[in-house]
Amino acid sequence: MNDIEKRIVELNALLHEYGHAYYVLDKPLVSDAEYDRLLNELIALEKQYPEFIYPDSPTQRIGGKPLEGFKKVTHTFPMLSLSNAFNDADLRDFDRKIRQAIGDDYSYVCELKIDGLAISLKYENGIFVQGATRGDGTVGEDITMNLKTIRAIPLRLKEPVTIEVRGEAYMPKKSFEALNIAREENGDEPFANPRNAAAGSLRQLDPKIAASRNLSTFIYAIGGDGEAYGIDSHSEMLDYLETLGFPSNKERQLCATIDDVIAFINKWTEERPNLPYEIDGIVVKVNRYAHQDELGYTAKSPRWAIAYKFPAEEVVTKVLDIDLT
Ligand SMILES: NC(=O)c1c(N)nc(OC2CCCC2)nc1O[C@@H]1CCC[C@@H]1O
């Protein structure tokens, strides 16, 4: 490897590290100016030596020309949905069924239910190779080009593993507000909510539009059985995803009893407006994989998980500010 290629490899590694620190850990290691200086050096070297452009180079996040359409992708493992709970009685009913099936030595993991768009990401030997929407759970759309523009999605993992992960792509509240102001100024129809805005952004055929929408993501599952990675529980799996370089939501909590689950739900019912992203509920999952295997699945969702849905907020009709002059 000559000195030029050595420098290109070094710049790739540095920019992956700095990008992870900034976009995933929210703990910058260098100034924006330093990051941009290194990125511009890499762009210049790749221009001069295109044979040394790596597919997972940070310069490849915003792809080339707009697509004609989206290819269909059949998920290796179906992307399941969640059954719903709407009140304490539903939650206690869920808990009773769990206890009847597996006894009483179990615990739950509670997660914020991110109100975005479910996605699936495929990595081969640690390199991001394909990303898709959930679609109908079995067949989704290949939106790899658009997902590459999401800075929180690593193009290269910290370990060279071959893995498929699932998560939620979302648009932060502040980005949603700014986008709608811009759309109204341009005479475009504003998006109804951040979920629609995220979905609309990822369905764009031109990746430059998706790149401009400040999307992010939280990853919350491994496709297929996590045991293959030496993991025995959901909480361990989330920690493992973080060591690989994925963003996972830190507000999760291990709950020993359904009362603790209800306390967690009450806490986030209060805290919800202060979050920088929209959530539409709390996902409750039995933690240990052995228990998940025992409980199994219905046709479309796991028996070991439930989504508590917040009550739909009554729509406050906008009071038109009438000009009284
Ligand atoms: N939206 C979420 O934050 C979320 C989550 N935190 N955890 C899961 O667990 C999956 C894996 C097992 C079955 C559902 N799913 C989520 O969202 C799903 C995507 C499709 C339907 C649900 O909204």
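Before reading on, note that the structure itself is shown above.
Here goes a summary of the coordinates provided. Every chain is numbered on its own, with residues counted from 1 as its sequence reads. The predicted origin of the model limits local features to residues at a pLDDT of at least 70 and limits the giving and counting of side-chain atom pairs to 80 or more, whereas totals for whole chains, interfaces and linings rest on all residues. Excluded from the side-chain calculation are hydrogens and water; included are all heavy atoms of the structure.

1. A closer look at the overall build of the protein chain
The number of helices and strands found in the protein chain is ten helices and eleven strands. Viewed in the frame of its principal axes, the protein chain has a C-alpha envelope of about 70 × 65 × 40 Å. Here's how the labels work: a residue is buried when its accessible area is under 20% of the maximum for its type, exposed when over 50%, partly exposed in between, all with a 1.4 Å probe on protein chains only. Taking all 325 residues of the protein chain together, 48% fall into the buried category. Contacts are assigned to residue pairs with any non-hydrogen atoms lying within 4.5 Å of each other. In the protein chain, the proportion of contacts linking residues at least 24 apart, taken out of those at least 6 apart, comes to 75%. Computing the positive centroid from 38 side-chain charges and the negative centroid from 53, the protein chain places the two 3 Å apart. By definition, any uninterrupted DSSP run of H or I lasting at least four residues is a helix, any uninterrupted run of E lasting at least two residues is a strand, and each is numbered from the N terminus. When charges are tallied, Lys and Arg are placed among the positive residues and Asp and Glu among the negative ones, while His and the ends of the chain are skipped. To locate a charge, take atom NZ for lysine, CZ for arginine, CG for aspartate or CD for glutamate.

2. Observations concerning the site of the ligand
Close to the ligand lie 14 residues, the nearest being Glu 111, Lys 113, Ile 114, Tyr 220 and Lys 285. In the environment of the ligand, an oxygen atom lies 2.8 Å from a nitrogen or oxygen atom belonging to the backbone of Ile 114. In the complex, 88% of the free accessible area of the ligand, which totals 490 Å², lies under the protein chains. For the ligand, the cavity whose grid points lie within 2 Å of the majority of its atoms is the largest pocket. Mapped by element, the contributors of at least two residues to the shell around the ligand are strand 3 (108–114) and strand 10 (279–286). Here the shell around the ligand takes four residues from strand 3, the largest share from any one element. Residues belonging to the shell around the ligand are distributed by class as follows: nine nonpolar, no polar and five charged. Near, as used in this document, describes a residue that has one of its heavy atoms within 4 Å of the molecule or strand being considered. Polar contact criterion, stated in full: a pair of N or O atoms within 3.5 Å, where within protein one must be able to donate a hydrogen and the other to accept it, and residues adjacent in sequence count only if both atoms are side-chain atoms. Working definition of accessibility: Shrake-Rupley area with a 1.4 Å probe, residue cover restricted to the visible protein chains. Any residue with an atom within 4 Å of a point lines the site, the site being either a cavity, points on a 1 Å grid over the protein atoms alone where a 1.4 Å probe fits but cannot get out, or a pocket, an open set with protein on both sides within 12 Å along at least 5 of 7 lines. A pocket or cavity is taken to hold a molecule when more than half of that molecule's atoms are within 2 Å of the pocket's grid points. Residues are grouped as follows: Ala, Val, Leu, Ile, Met, Phe, Trp, Tyr, Cys and Pro are nonpolar; Asp, Glu, Lys and Arg are charged; all remaining types, including Gly, are polar.

3. What about the packing of aromatic side chains?
Stacked, tilted and edge-to-face are the three classes applied to pairs of Phe, Tyr and Trp rings, where Trp contributes its six-membered ring and a pair requires centres within 6.5 Å; stacked means planes under 30 degrees apart, edge-to-face means over 60, and tilted covers the rest. By the definition in use, this model includes 13 aromatic pairs. When the ring of Tyr 106 is compared with that of Tyr 108, the centres are 5.5 Å apart and the planes differ by 80 degrees; the resulting orientation is edge-to-face. The burial state of Tyr 106 is the same as that of Tyr 108; both residues are buried. The rings of Phe 94, Tyr 106 and Tyr 108 are connected pair by pair, giving a single aromatic cluster.

4. So, the environment of Ile 53
Mapped onto the elements, Ile 53 comes out in the loop between helix 2 (32–48) and strand 1 (72–74). Measuring from C-alpha to C-alpha, the distance between Ile 53 and Glu 5 comes to 9.5 Å, with 48 residues separating the pair along the chain. Apart from residues lying up to four places away in sequence, Ile 53 is in contact with Glu 46 and Gln 60.

5. Observations regarding the nonpolar core
Joining through side-chain atoms within 4.5 Å is the link that ties buried Ala, Val, Leu, Ile, Met, Phe, Trp, Tyr and Cys residues into a set, and such a set is a nonpolar core. Membership of the largest hydrophobic core comes to 36 residues, with the highest contact counts inside it found for Leu 121, Tyr 123, Leu 147, Ile 163 and Val 165. Taken together, the elements giving at least two residues each to this core come down to strand 4 (117–124), strand 7 (163–170), helix 5 (173–185), helix 6 (194–202), strand 8 (216–222) and helix 8 (234–244). At five residues, the largest contribution of residues to this core is made by helix 8. If we skip the residues at most four places from it in the chain, Leu 121 touches Phe 128, Gln 130, Gly 131, Leu 147, Ile 153, Ile 163, Glu 164, Val 165 and Ile 219.

6. Digging into empty space enclosed by the protein
Grid points are joined across faces, edges and corners, and a volume is the space filled by probe spheres set on the points. Under the criterion given, the structure shown has one cavity of 30 Å³ or more. Taken as a whole, the largest cavity encloses approximately 50 Å³ of empty space. Those elements that place two or more of their residues in the lining of the largest cavity are strand 4 and strand 5 (127–133). Broken down by element, the residue count for the lining of the largest cavity peaks at three residues, all from strand 5. A class-by-class count of the residues in the lining of the largest cavity yields two nonpolar, four polar and two charged.

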